[in-house]
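Tertiary structure, described
The primary structure of each chain is shown beneath.
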Amino acid sequence: MLIGCPQEIINGEKRVALTPSSSIELQKLGFKCQLQSKAGLNSQYSDEEYKIVGVKIIKSQKLLWQTSDIIIKVRGPEKEELNLMKAHTTLIAFIWPAQNKKILNELKKKNINVIAMDMIPRISRAQKMDALSSMANIAGYRAVIEAGNNFGKFFTGQITAAGKVPPAKVLVIGAGVAGLAAIGTAQSLGAIVRSFDVRPEVAEQIESMGAEFLMLDFPSDSSGEGGYAKPASKEFIDKEMELFKEQAPEIDIVITTALIPGKPAPNLWPQEMVKLMKAGSIIVDLASEQGGNCELTKVGKIIETKNKVKIIGYTDFPSRMASQSSNLYSTNIRHMIDDLTPNNDGKININMSDDVIRGSTVIFDGKITYPPPPLKVPAIAKSNGSLSKKSQEDLETEKRDKEKKFGRHQTTLLILGSLIMILIGNFAPPTFMQHFIVFVLSCFVGFQVIWNVSHSLHTPLMAVTNAISGIIIVGALLQIGSSNFIVNILATISVLIATINIVGGFLVTKRMLAMFKKS
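Residues numbered from 1 in each chain as written. Predicted model: local features only at pLDDT ≥ 70, side-chain atom pairs only at ≥ 80, totals over all residues. Heavy atoms only, no water.

1. A short note on the overall build of the chain
Operational definition: Secondary structure elements follow DSSP: runs of H or I no shorter than four residues count as helices, runs of E no shorter than two count as strands, and numbering proceeds from the N terminus. When accessible area is computed with a 1.4 Å probe and restricted to protein chains, residues below 20% of their type maximum are described as buried, those above 50% as exposed, and intermediate ones as partly exposed. Only heavy atoms enter the contact rule, under which two residues are in contact if any of them lie within 4.5 Å. All accessible areas in this document rest on Shrake-Rupley with a 1.4 Å probe, and a residue is counted as covered only by the protein chains that are shown.
Along the chain, the regular secondary structure elements total 16 helices and 17 strands. The buried share of the chain, taken over its 519 residues, is 41%. When contacts within the chain are restricted to residue pairs at least 6 apart in sequence, long-range pairs at least 24 apart make up 63% of them. When the accessible surface of the chain is totalled, it reaches about 28,100 Å², and 59% of it is carbon and sulfur.

In structure tokens:
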């Protein structure tokens, strides 16, 4: 089958759905690739780069649409593109079916199979094709860069000969993928970062990145399906506004990322909050395309209020980093097509029994299949951070029962082991029993001490190898000083090798933990 990638015609869209590197992988799956001439130019990919890797360059937009079996795009088709599509083509792009029912009906009439990259279920197996997360990550990063470009001051604090410069204070509202990316970027630039989210379970993620989580003293269960937030109660919103009123006068930069699937963006930063902010402050509204989290946001524009606060309402943050965005998005597309091609024979199979494929397919065989049925397994398990008192007591009781059961199990094993040792001792020579008892005790102590070490400090593999090495060292130490020269040599070598293994294990563990620390 032939995969075609047309040039995006929406004004300001610089991304491309096919890159030279992704086309190589698609060709390995048995597909042929073709690209509309200059489609990758805004993403810094020339036609020559595509030709080198075997992609056919088509100058005619109409010819590309008419000859391709699979069309991959960033944005959904415009009216003029709909007229170019042939029946039974498979379209893979951002569709937003809830907001574009008219386009869905047009595609249905043309008998086009449509896979929406914005409908990928948020389950572990589908992370490699989660284009929304890929683009949100870039948007969060770019939001901080745009804020810095308009802020006109340092992010990091400095002490100079001319005086002390305080660090910028950044508030990130919403700690999804975009929010966490914004937190990480602002933190790395030296700002004091605070973050708020209606989902209490994200507090640890925020704090692990060095930011302060603004805790609201209010019971809440605002975790919706797929890890998104769901609408909050009026009482909760009132408490939330009180918190923001306290923060607004001292915050320099506000980045809002809050979205609720299928609904307009919640108004979290009303006009009164903007009035409380200092002159020169910045608001970056990443939810502007869905109405905005800030009441004064103008879609696609930067405005400045009377009190000199700039509000950035751009909707094209990923497109402002077109090369990086295209690289990630084309990889998401490639993984999707990989799943659609189980036999690697260049022919796609839309398997509607597959949770990921079914969830992202919005039109199939002339029928609209949106919305998809609920997942058999919930996308993201709800946190137990807001468990009731009763459920917490149940968990503690269950934990005590497990500990008692484990204790009884250990006692049984000790009694059984003792009986076996007595039985062996009746027949084995004393010299053998002396060494055998040391070996058994080494195994037991090694298991008790090493096996229960937390995996956050010790990987399971290292825990097991260190236990074995400990047994070897104990045995070898008992043999050092033997009258037999060969035994002495073997015991010394054993201690040396086992020590290297243990020390090496701890060094590797230390390096692994260092990966999660800021330098």
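2. Regarding the sheet that holds strand β16 (residues 361–364)
Put simply, the test is: Pairs of strands are assigned from DSSP output, requiring at least two bridges between the strands. In this description, a line fitted to the C-alpha atoms serves as the axis of each element, helices being fitted only across the stretch in contact, and the angle between N-to-C directions of two axes falls anywhere from 0 to 180 degrees.
Ordered by their spatial adjacency, eight strands build an open sheet running β3-β2-β1-β4-β5-β6-β16-β17, and the pairing between neighbours is mixed. Among the strands making up the open sheet, the edge pair consists of β3 (56–58) and β17 (367–368). As paired strands, strand β5 (residues 90–93) and strand β6 (residues 113–116) are joined by four bridges and run parallel to one another. By the bridge assignment for β6, Ala93 is matched with Ala116. Set on the sheet, helix α5 (residues 101–109) makes contact with β5, β6, β16 and β17; between it and β16 the angle comes to about 35°.

3. Here we look at the sheet that holds strand β11 (residues 212–213)
Hydrogen bonding along the main chain pairs the strands of a sheet, whether they run parallel or antiparallel. Pairing within the open sheet is mixed, and its seven strands lie in the order β11-β10-β9-β12-β13-β15-β14. Of all strands in the sheet, those bounded by a partner on one side alone are β11 and β14 (302–304). Note: strand β10 (residues 192–196) against β11, two bridges, orientation parallel. Across the sheet, Arg194 pairs through a bridge with Glu212, a residue of β11. Most of the contacts of helix α6 (residues 131–151) go to strand β13 (residues 282–285), to which it runs at about 150°, and overall it touches β12 (253–256), β13, β14 and β15 (310–312).

4. Some details on the packing of aromatic side chains
We apply this condition: Paired rings are identified among Phe, Tyr and Trp, the last through its six-membered ring, by centres lying within 6.5 Å, and are further divided according to the angle between planes into stacked (under 30 degrees), edge-to-face (over 60) and tilted (the rest). Distance and angle both matter: a charge sits over a ring if NZ of Lys or CZ of Arg is within 6 Å of the ring centre and within 35 degrees of the ring normal.
Considering all chains together, one arrives at eight aromatic pairs under this definition. For the ring pair Phe432 and Phe436, a centre distance of 5.4 Å and an interplane angle of 15° mean the geometry is stacked. In this pair, Phe432 and Phe436 both sit in helix α14 (residues 430–450), four residues apart, roughly one turn of the helix. Look at Phe432 and you get partly exposed, because its relative accessible area is 40%. Judged by relative accessible area, Phe436 falls into the partly exposed class, the value being 23%. Within the aromatic cluster, the residues linked to one another by ring pairs are Phe94, Trp96 and Tyr329. Between Arg320 and the ring centre of Tyr314, over which it is positioned, the NZ or CZ distance is 3.7 Å.

5. Observations concerning the packing of α6 against helix α7 (residues 177–188)
Under the convention used in this document: Each crossing gets its handedness from the near helix: less than a right angle anticlockwise from the far helix is left-handed, clockwise is right-handed. When residue character is reported, Ala, Val, Leu, Ile, Met, Phe, Trp, Tyr, Cys and Pro are called nonpolar, Asp, Glu, Lys and Arg charged, and the others, Gly included, polar.
Taken N-terminus to C-terminus, the directions of α6 and α7 make an angle of 35°; their axes are 7 Å apart at the nearest point. α6 and α7 meet at a crossing whose hand is right-handed. Of α7, the residues touching α6 (which contributes Ser133, Ala136, Asn137, Gly140, Tyr141, Val144 and Ile145) are Val177, Ala178, Ala181, Ala182, Thr185 and Ala186. In the contact of α6 with α7, the residues fall into nine nonpolar, four polar and no charged.

6. Looking at α6
In an α-helix, one full turn covers 3.6 residues, which means residues spaced three or four apart are oriented alike. The condition is simple: What a helix should span is 1.5 Å times the count of its residues minus one.
Here α6 contains 21 residues, and its C-alpha end-to-end distance of 30 Å stays within 8% of the 30 Å for a straight helix at 1.5 Å per residue. The positive-phi residue at the C-terminal boundary of α6 is Gly152, with phi of around 80°.

7. Some words on the side chain of Ser469
We apply this condition: Pairs of N or O atoms are called polar contacts if they sit within 3.5 Å, as long as, within protein, a hydrogen donor faces a hydrogen acceptor (for residues adjacent in sequence, only side-chain-to-side-chain pairs).
Tracing the sequence through the fold places Ser469 in helix α15 (residues 460–479). Note on Ser469: relative accessible area 4%, which makes it buried. A polar contact is formed between the side chain of Ser469 and the side chain of Asn501, at a distance of 2.6 Å. Aside from chain neighbours lying at most four places away, what touches Ser469 is Ala498, Asn501 and Ile502.

8. Re the packing of α6 against helix α11 (residues 322–340)
A pair of packed helices is captured by two measures, namely the crossing angle of their axes and the spacing between those axes. Note the following rule: Any angle that falls under 35 degrees is termed roughly parallel, while one over 145 is termed roughly antiparallel, one within 65 to 115 roughly perpendicular, and all others oblique.
Relative orientation of the contacting elements α6 and α11 amounts to 165°, with a least axis distance of 9 Å. When the axis of α6 is compared with that of α11, the two are roughly antiparallel. In this structure, α6 meets α11 at a crossing whose hand is right-handed. Each of Ala131, Ser134, Met135 and Ile138 in α6 lies in contact with α11, whose residues at this interface are Gln324, Ser325, Leu328, Tyr329 and Asn332. Looking at the contact of α6 with α11 residue by residue, the class counts come to five nonpolar, four polar and no charged.

9. As for the state of the cysteines
Here is the rule: In what follows, a disulfide is any cysteine sulfur pair within 2.5 Å.
In this structure the tally under the stated criterion is zero disulfides. Free of any disulfide, Cys5 has its nearest neighbouring cysteine sulfur in Cys33, separated by 9.3 Å. According to the relative accessible area criterion, Cys5 is buried, its value standing at 1%. Exposure remark for Cys33: the relative accessible area of 3% places this residue in the buried category.

10. A few points about a nonpolar patch on the surface
Our working definition: Residues with no salt bridge and a relative accessible area higher than 30% make up the patches, which join like charges within 9 Å and nonpolar side chains (Val, Leu, Ile, Met, Phe, Trp, Tyr) within 5 Å. We define a salt bridge as a side-chain nitrogen of Lys or Arg found within 4 Å of a carboxyl oxygen belonging to Asp or Glu.
A cluster of nonpolar side chains, namely Phe485, Ile486, Ile489, Leu490, Ile493, Leu496, Ile497 and Ile500, defines an oily patch on the protein surface of about 840 Å² accessible area. Within the element layout of this structure, Ile500 appears in helix α16 (residues 485–514).

11. Quick look at a positive patch on the surface
In plain terms, the rule: All tallies of charge rest on Lys and Arg as positive and Asp and Glu as negative; His and the ends of each chain are not included. The atoms used to mark charge sites are NZ of Lys, CZ of Arg, CG of Asp and CD of Glu.
A cluster of basic residues, Arg400, Lys404, Lys405 and Arg408, forms a positive patch on the protein surface. You can see Arg400 is positioned in helix α13 (residues 389–425).

12. Describing α11
For α11, with 19 residues, the first-to-last C-alpha span of 26 Å sits near the 27 Å given by 1.5 Å per residue. Of all the residues in α11, the buried ones are Ala322, Ser325, Ser326, Tyr329, Ser330, Asn332, Ile333, Arg334, His335, Met336, Ile337 and Leu340.

13. Details of the pattern of salt bridges
What the rule picks out here adds up to 22 salt bridges. Taking the shortest distance from any N to any O, the salt bridge between Arg75 and Glu289 comes out at 3.8 Å. Of this pair, Arg75 sits in the loop between β4 (70–72) and α4 (79–82) while Glu289 sits in the loop between β13 and β14, and the two are 214 residues apart along the sequence.

14. Observations regarding the environment of Cys294
Topologically, Cys294 is positioned in the loop between β13 and β14. Along the backbone, Cys294 and Ile311 are 17 residues apart, and their C-alpha atoms lie at a distance of 8.4 Å. With residues near it in sequence (within four places) discarded, Cys294 still touches Asn267, Trp269, Val274, Ile283, Asp285 and Ile311.

15. Thoughts on the nonpolar core
We apply this condition: Side-chain atoms within 4.5 Å link the members of a nonpolar core, which is a set of buried Ala, Val, Leu, Ile, Met, Phe, Trp, Tyr and Cys residues.
Core analysis: the largest hydrophobic core is formed by 39 residues, its most contacted members being Leu18, Leu35, Ile72, Ile92, Met117, Tyr329 and Ile337. Listed by contribution, the elements that provide at least two residues to this core are β1 (2–5), β2 (32–36), β4, α6, α11 and α12 (355–360). Counting residues per element, this core draws most heavily on α11, which supplies five residues. If near-sequence neighbours (up to four positions away) are discounted, Tyr329 is found in contact with Val16, Ala17, Lys73, Val74, Ile92, Ala93, Phe94, Met117, Ala131 and Met135. Val144, Val170, Val202 and Ile312 belong to the second-largest nonpolar core, a separate cluster that totals 30 residues.

The quantities given are spatial measurements derived from coordinates; they are silent on function.
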